[in-house]
Amino acid sequence: MLSRIADVLVPAVGRLGVTVNDRAELAPGSIIAANHTSLADPAIVLAALRRLGVSPVVMAAAGLWRIPLLGQALAREGHIPVIRNDRRASDALELAARALEQGRLVLIYAEGGIPQRADAGEAPPRAFRSGLARLAHRTGAPVVPVGQAGARRVTSGNTAKQLAGVATAPLRRPGLHVHVGAPLTLTGDSTARTAQAHTAVTAAWRTAAERLR
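Heads up: these notes are all about the structure in this document.

What counts and what doesn't
- Residues numbered from 1 in each chain as written.
- Predicted model: local features only at pLDDT ≥ 70, side-chain atom pairs only at ≥ 80, totals over all residues.
- Heavy atoms only, no water.
- Helix = DSSP H or I, 4+ residues; strand = E, 2+ residues; numbered from the N terminus.
- Rg over C-alpha atoms; globule rule 2.2 N^0.38 Å.
- Buried < 20%, exposed > 50% of the residue type's maximum accessible area, 1.4 Å probe, protein only.
- Contact = heavy atoms within 4.5 Å.
- Areas by Shrake-Rupley, 256 points an atom, 1.4 Å probe, with all protein chains shown as cover.
- Pairing = 2+ DSSP bridges.
- Axes fitted to C-alpha atoms, helices over the stretch in contact; angles between N-to-C directions.

## Looking at the overall build of the chain
Step number 1: Within the chain, the secondary structure is distributed over eight helices and seven strands.
Step number 2: Against the compact-globule benchmark of 17 Å for 213 residues, the chain has a radius of gyration of 16 Å, which places it among compact chains.
Step number 3: Overall size of the chain, expressed as C-alpha extent along the three principal axes, is 45 × 40 × 30 Å.
Step number 4: Sorting the 213 residues of the chain into buried and exposed places 47% on the buried side.
Step number 5: Intrachain contacts of the chain at a sequence separation of at least 6 include 79% that bridge at least 24 residues.
Step number 6: For the chain, the exposed surface amounts to about 10200 Å²; the carbon and sulfur share of it is 55%.

## Observations regarding the sheet that holds strand E5 (residues 106-108)
Step number 1: Pairing within the open sheet is mixed, and its seven strands lie in the order E1-E7-E6-E2-E5-E3-E4. Unpaired on one side and paired on the other, strand E1 (15-20) and strand E4 (80-82) mark the two borders of the sheet. Across this sheet, the average inter-strand angle for adjacent strands is 25°, counted without regard to direction.
Step number 2: In the sheet, strand E2 (residues 31-34) pairs with strand E6 (residues 143-149) via four bridges, with the strands oriented parallel. From the neighbouring strand, Ile-32 faces E6, where its bridge partner is Val-144.
Step number 3: Strand contacts of helix H5 (residues 131-139): E2, E5 and E6, with the helix running at about 165° to E2, the strand carrying the most contacts.
Step number 4: Each of E1, E2, E6 and strand E7 (175-180) touches helix H8 (residues 190-212); the most contacted strand, E6, lies at about 35° to it.

Below is the structure:
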């Protein structure tokens, strides 16, 4: 349901473009790692992936499950709540591993949150946390890097600015772009695996940002 809703809503707020690396493959049981810049980008990424024929399980902030109707839909569809900075955060990796074993794709945001800055400009992905590397090491799943650009043109900054951005986006129709890179298998220790994933997602983001220019 979330992917279908995103596919309907995103074209109403912006002009979405999608490109795919020649070697890209969204195989069952893959981890999709995307950069995180705005509250809008999960919908943008889901809309792009739906165009490519996939609807992944999303690892998202647990607070979303407290929102009426949305929380029920998230639970019903098997999306995974992440309780950050809590010992229960490892439970999310357990659920993600099970989903991968069942052949589902899992979308993860390794930065762990959106940047605390007011401007709507593009910037490279921030440092990744270790969860992505741990999940890939545990399951052996390939990692598909995804870069998105333009989401901060829809909504960014403080609460008032975010609301104004969403309200005016249908009139402004900002450009949005998602690029899917080639899958990779992470190797080495946790630090090395994290660095490999960060480099790949950054490259995908650069491609998406260049498409917007």
